[in-house]
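Structure at a glance
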Amino acid sequence: MSQARSLSVSSRVDSVGESHNSSTAGVNNSNNREISGSDAQARPSLLSSDERAVYQEALQHISREKKEDDLPEGVLTVSLLKHQKMALAWMVSKENSSHCAGGILADDQGLGKTVSTIALIQKQRSQQSEFMSVDSDRLKYEALNLDEDDEGEQTVNDEPKKDQGASSSSTADGTSIVEPSVSQSNTVPDKMAESKKKAKAYSSSGSTTRSMARPAAGTLIVCPASILKQWANELADKVSEGAKLSVLVYHGGLRTKDPRELAKYDVVVTTYTIVANEVPKQIADDDTDRKNSEESSAGNKRKPPSSAKSKYKKKKKKLKDSDFDLDSGPIARVRWFRVVLDEAQTIKNYRTLVARACCGLRAKRRWCLSGTPIQNAIDELFSYFRFLKYDPYSTFSSFCTMIKHPIARDAVHGYKKLQAVLKVVLLRRTKETLINGVPIINLPPKTINLNKVDFSREERSFYLNLEERSRQQFKAFAAAGTLKQNYASILLMLLRLRQACDHPLLAKGNQSEYGGDGSIEMAKKLPKEVVIDLLAKVEVGSAVCSLCNDTPEDAVVTLCGHVFCYQCIHERITTDENMCPAHNCNKTLSLESLFSSGALRICISGKSSSAGASSSADDESSSISQSSYISSKIQAAIDILNTIINTDALTESDTMESNRNRVTPVKAIVFSQWTGMLDLLEFSLNMNLIQYRRLDGTMSLNLRDKAVKEFNTDPEVRVMIMSLKAGNLGLNMVAACHVILLDLWWNPYAEDQAVDRAHRIGQTRPVTVSRLTVKDTVEDRILALQEEKRAMVSSAFGEDKSGGHATRLTVEDLRYLFGI
Ligand SMILES: Nc1ncnc2c1ncn2[C@@H]1O[C@H](COP(=O)(O)OP(=O)(O)OP(=O)(O)O)[C@@H](O)[C@H]1O
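Residues numbered from 1 in each chain as written. Predicted model: local features only at pLDDT ≥ 70, side-chain atom pairs only at ≥ 80, totals over all residues. Heavy atoms only, no water.

1. Quick word on the overall build of the protein
Under the convention used in this document: Strands here mean DSSP runs of E at least two residues long; helices mean DSSP runs of H or I at least four residues long; both are numbered from the N terminus. Only protein chains enter the accessibility calculation, which uses a 1.4 Å probe; a residue whose area is less than 20% of its type maximum is buried, one above 50% is exposed, and one in between is partly exposed. Any two residues whose heavy atoms approach within 4.5 Å at even a single point are treated as in contact. Note on areas: Shrake-Rupley with a 1.4 Å probe; residue coverage comes only from the protein chains shown.
Helix and strand counts for the protein come out as 30 helices and 20 strands. Here the protein holds 820 residues, and 59% of them are scored as buried. For the protein, the proportion of contacts with a sequence separation of at least 24, taken over those separated by at least 6, is 80%. Accessible surface computed for the protein: about 32200 Å², of which carbon and sulfur atoms make up 51%.

2. Some words on the sheet that holds strand β15 (residues 594–596)
What counts, and what does not: Each pair of strands is called paired provided DSSP finds at least two bridges between the two strands. Where helices are involved, their axes are fitted lines through C-alpha atoms of the stretch in contact, as for all axes, and angles between N-to-C directions lie from 0 to 180°.
Strand order in the open sheet formed by three strands is β14-β13-β15, and the pairing between neighbours is antiparallel. Pairing within the sheet leaves two strands with one partner each, and these edge strands are β14 (563–565) and β15. On average, each strand axis in the sheet is tilted by 40° relative to the strand beside it, whichever way the strands run. The sheet contact formed by strand β13 (residues 555–558) and β15 spans three bridges and is antiparallel. The partner of V557 across the bridge, within β15, is F595. This element, helix α20 (residues 528–539), spans β13, β14 and β15 of the sheet and lies at about 140° to β13. Contacts from helix α22 (residues 597–605) reach β13 and β15, with the element oriented near 80° to β15.

3. A closer look at the packing of aromatic side chains
Rule in force here: Aromatic rings from Phe, Tyr and Trp, with only the six-membered ring used for Trp, were paired whenever their centres fell within 6.5 Å, and each pair was classed as stacked if the ring planes differed by under 30 degrees, edge-to-face if by over 60, and tilted otherwise. Distance and angle both matter: a charge sits over a ring if NZ of Lys or CZ of Arg is within 6 Å of the ring centre and within 35 degrees of the ring normal.
Applying the stated rule across the entire model yields 12 aromatic pairs. Aromatic pair Y390 and Y393: ring centres 5.2 Å apart, planes at 70°, arrangement edge-to-face. Of the residues examined, Y390 reaches a relative accessible area of 0% and is grouped as buried. Note on F396 and F399: the rings are 6.2 Å apart at their centroids and 25° apart in plane angle, and the pair reads as stacked. Of the two residues, F396 and F399 are both situated in helix α14 (residues 396–409); the distance of three residues between them amounts to about one turn of the helix. For F396, a relative accessible area of 0% puts it in the buried group. Classification of F399 by relative accessible area gives buried; the value is 0%. In textbook terms, an aromatic cluster arises when at least three aromatic residues are bridged by ring pairs, as seen for Y350, F382, F385, Y390, Y393, F396 and F399. Over the ring of Y250 we find R255, and its NZ or CZ is 5.3 Å from the ring centre. Its end group placed over the ring of F387, R366 keeps NZ or CZ at 5.1 Å from the ring centre.

4. Considerations on the UniProt feature "domain: RING-type" (unreviewed entry) in the protein
The condition that has to hold: UniProt positions are given in the numbering used here, feature names are shortened, and annotations may be inferred rather than shown by experiment.
As recorded in UniProt, the feature "domain: RING-type" (unreviewed entry) lies at residues 545–584. A distance of 15 Å separates the end C-alpha atoms of residues 545–584, which is 25% helix and 18% strand.

5. Quick notes on the pattern of salt bridges
Put simply, the rule reads: Here, a salt bridge means any side-chain nitrogen of Lys or Arg that lies within 4 Å of a carboxyl oxygen of Asp or Glu.
Applying the stated rule across the entire model yields 31 salt bridges. A salt bridge links D108 to R428; its shortest N-O distance comes to 3.8 Å. Placement of the pair is D108 in the loop between β2 (102–105) and α3 (113–123) and R428 in the loop between β9 (426–427) and β10 (433–435), with a sequence separation of 320 residues. By the burial criterion, D108 is buried, and R428 matches it. The salt bridge partner of R781 is E467, with a shortest N-O separation of 3.4 Å. Of this pair, R781 sits in helix α29 (residues 778–797) while E467 sits in helix α16 (residues 457–479), and the two are 314 residues apart along the sequence. Here R781 falls in the buried class, since its relative accessible area comes to 16%. Connected through shared salt-bridge partners, D679, E682, R694 and D696 make up one network.

6. Observations concerning the pairing of strand β16 (residues 667–672)
Among the six residues that make up β16, six are buried, leaving the element largely enclosed by the rest of the structure. Covered by surrounding structure in β16 are K667, I669 and F671 together with A668, V670 and S672, the residues of both alternating faces. Note: β16 against strand β19 (residues 736–741), five bridges, orientation parallel. Following the sheet pairing, A668 is matched in β19 by H738. When β16 meets strand β18 (residues 719–723), the two strands line up parallel, connected through five bridges. Bridge pairing in β18 links I669 to M720.

7. Re the packing of helix α28 (residues 748–755) against α29
Inclusion rule: By the definition adopted for this analysis, an angle is roughly parallel if under 35 degrees, roughly antiparallel if over 145, roughly perpendicular if from 65 to 115, and oblique otherwise. Each residue gets one of three labels, nonpolar for Ala, Val, Leu, Ile, Met, Phe, Trp, Tyr, Cys and Pro, charged for Asp, Glu, Lys and Arg, and polar for the others, Gly among them.
Two elements in contact, α28 and α29, have axes whose closest approach is 9 Å; the angle formed by their N-to-C orientations is 85°. Taken together, the axis directions place α28 and α29 in an arrangement best described as roughly perpendicular. Across from P748, Y749, E751 and D752 in α28, the residues of α29 making contact are Q786, K789, R790 and V793. Among the residues making up the contact of α28 with α29, the classes are represented as three nonpolar, one polar and four charged.

8. Examining the site of the ligand
Our working definition: One heavy atom within 4 Å of a molecule or strand is enough for the residue carrying it to be called near that molecule or strand. Polar contact is the term for a pair of N or O atoms within 3.5 Å; when the atoms are in protein, one must be able to donate a hydrogen and the other to accept it, and sequence-neighboring residues count only if both atoms are side-chain atoms. What marks off one domain from the next here is an automatic or database domain assignment.
As a matter of local geometry, the ligand sits amid 19 residues, with S79, Q84, G110, K113 and K238 nearest to it. The separation between an oxygen atom of the ligand and a polar side-chain atom of K113 is 2.8 Å. Within the contact set of the ligand, an oxygen atom lies 3.2 Å away from a side-chain nitrogen or oxygen of R760. Starting from 630 Å² of accessible surface for the ligand in isolation, the protein chains cover 88%. A per-class count over the shell around the ligand returns five nonpolar, seven polar and seven charged. Both of domain 1 (58–291 + 320–428) and domain 2 (446–451 + 629–817) provide at least three residues apiece to the shell around the ligand.

9. Quick word on the packing of α3 against helix α7 (residues 228–237)
Basically, it comes down to this: Crossings are classed by handedness, with left-handed meaning an anticlockwise turn of the near helix from the far one by less than a right angle and right-handed meaning a clockwise turn.
For the pair α3 and α7, the least separation of the axes is 11 Å and the interaxial angle reads 55°. Comparing the axis directions of α3 and α7 gives the class oblique. The handedness of the crossing between α3 and α7 is right-handed. Residues T114, V115, T117 and I118 of α3 lie in contact with α7, whose contacting residues are W231, E234 and L235.

10. Looking at the sheet that holds strand β17 (residues 692–695)
Spatially, β12-β20-β19-β16-β18-β17 is the arrangement adopted by the six strands of the open sheet, whose pairing is parallel. The open sheet has two edge strands, β12 (446–453) and β17, and neither has a second partner. Across this sheet, the average inter-strand angle for adjacent strands is 20°, counted without regard to direction. Each of β12 and β20 (767–774) touches α29; the most contacted strand, β20, lies at about 130° to it.

11. Some details on the environment of V268
Checked against the element boundaries, V268 lands in strand β6 (residues 267–271). Residues V268 and Y250, 18 residues apart in the sequence, show an inter-C-alpha distance of 6.4 Å. In this view, V268 contacts T219, L220, I221, L248, Y250, L262 and W336; residues no more than four positions away in its chain are not counted.

12. A word on the state of the cysteines
Two cysteines whose sulfur atoms are joined by a covalent bond form what is called a disulfide. Spelled out, the test is: The term disulfide is used for any two cysteine sulfur atoms that are within 2.5 Å.
Summed over the entire model, instances satisfying the criterion amount to zero disulfides. Free of any disulfide, C580 has its nearest neighbouring cysteine sulfur in C560, separated by 3.8 Å.

13. Quick look at unusual backbone geometry
Residues D391 and P392 are joined by a peptide bond in cis, for which omega reads 5°. A positive phi angle, close to 50°, is found at E343, a residue other than glycine. As for its position among the elements, E343 is in the loop between β7 (335–342) and α12 (353–359). In the Ramachandran plot, K389 falls in the positive-phi region, its phi being about 60° despite a non-glycine side chain.

14. Points about the environment of K244
Relative to the helices and strands, K244 is located in the loop between α7 and β5 (247–249). Among the residues examined, K244 registers a relative accessible area of 16% and is labelled buried. Here the side chain of K244 touches V239 through a polar contact of 2.5 Å, landing on its backbone oxygen.

Below, the structure is given as structure tokens:
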């Protein structure tokens, strides 16, 4: 396909493989950028009348842009860096703004958004305390009218008089960090049912109807389960003894059921899954809204029938009046002073349950933290705007009319206006940003190398064979007009091609050594028809894992019939909640009730057989499809690792810094998106006597923590091999100064995030990144798609001059990916 191919970043295939990610809103601009107000000087003529307030605020923010703020000495254990002082001043001014109290802190990963947020909490501590003490003095509450975000009447008194589930041991003594342990027996569904019963009982006994019945609570931090601990640690480590915040880690099956308990803490840290489970989803206006806006953009001015409108109103009313507390957990039954979404790209798809649930949280101030708020499409901004209540863009129709459609009509002016809109609500600095000509942070440089690997003759022949068969299949679907119906099968074919670039064995679709086989005993107890039905589901190859949005690796099916990657669902069950994450399914899951096709086959026939998509062919290439075969990519990675390990740390001048580095061994992190590839790599690492640790989604958080600590501190351990899905967020791994990416992800920002585990504050050495790709394969085309995504994101932030337009992945894109 020609270079002139239009930008096509999609909600659909872009959704492939991108859901775990976020990072440097990609914009690894090689050119340094000076913060300047001029970008935001969108012409007033671009703005409609109800956007004047936004425009005025944008102008004001330009003048405040370089202001700094700080905390009194002794509050934090570290001094704020210059850009963090600027962030603090901006965040405080945003919280005091009448228009939209909060915003998006979108600094690059590793620039210290966590520390900036802790500084904000401390800076505004007296305001938060005042808010929290309002409950004890309701008259004062009414006079202050603090909770503007609370929409008023609720029919249910949510204060249980006697809560059997409340944690008796936890106290708010000002210093404690509490995490109730997980109990399999006390499941969330049980708790929800119980809380519903209670709420009904109170409601029928004629309890009060005022929103004031909700306790006022402090700051809620919502983050992925994998970084809960890191938040708790940072809150403990970065705050001085005399200024300690009381922190509750709200997680696990034994967590309190009493909202008043949450209201005792300065900070509550929890996960997105818990919010999704405990907060009734926001009123579903988006579909109607979206439909209208798309109709109107197409020139169809037809209004929705009034009956539809009134039905919607009725539904809204009904939800508001009676359902809210009946469906909700404690987290939804308090009024928060502030809600902070860390790794906020988790809600980038506004239609997801988690995005809606976050919007349903009651809060006075709202923040999104993300190094990569836009990854695939401009629509993602809408989800943040809705959460932030950033009017007039917080309804989809306004967002389309005022932002999306102008970009589609005229990319240059449309993006210019978007930059102005973002100026009010988003603060972003990259590691290359300059303040008064000085880099905001003194990090050693990062060099990214694209290492083109050559296949061996046998590998090339295996790949070409697979590619030809995929092309024929694609053409057959196209000829039959069934491309759309076979979308998931096409993604599976693409997956096999991508995997073949790593190792022929992966492309065979064999289950890796992990993968749900422990469930054989459980499967044997099921009726045969159920087993056959489950086997059909897991083998049909048409499913997409709803956790990572990619074709499942080591597919397993749950008893409720939903298919996931083993790693993704294992991680969810062991580190977060044990309810099935499939849409509208809340069945309780356990590790024993995840079935691989192998386990199910054994139950049916007594013996296992592989059902890989390409298992029938390539007998002649069987020698390269063994786990002992060292593929060209693995060999390339091992060569790099051997060079790193055998090379002295630094050859530069004999400064004190280099002396210090010389005694610290050089270490590397190796990422792959497939645990099967990590298994294969382990074989070669062992052969080469290279000491390593491993981190993937099938490991408990404690084991992961241990692996990271050992990698960071044990001089003998030189390599960390990591799953991109499990290891690209939040972790600090500055012991490594080399990063190897074994394969390409659809979304380049996942790669940036991975790299920034090493390239962050605390890194003292230059960081080298090796991206391994195989020549003349599907990977060339993935590289091209990645560039398109970067161009779109850069345009949105005004970080380069190219205009672009994001749409879903089209049939044309698929043709392109298959080289047709
Ligand atoms: N002012 C400071 N002084 C000392 N260390 C700091 C400071 N600010 C941040 N750090 C450290 O730098 C590292 C990166 O900070 P942090 O995790 O807050 O970055 P982040 O922007 O939230 O990154 P990510 O987006 O990857 O989560 C952490 O180890 C943190 O403790």
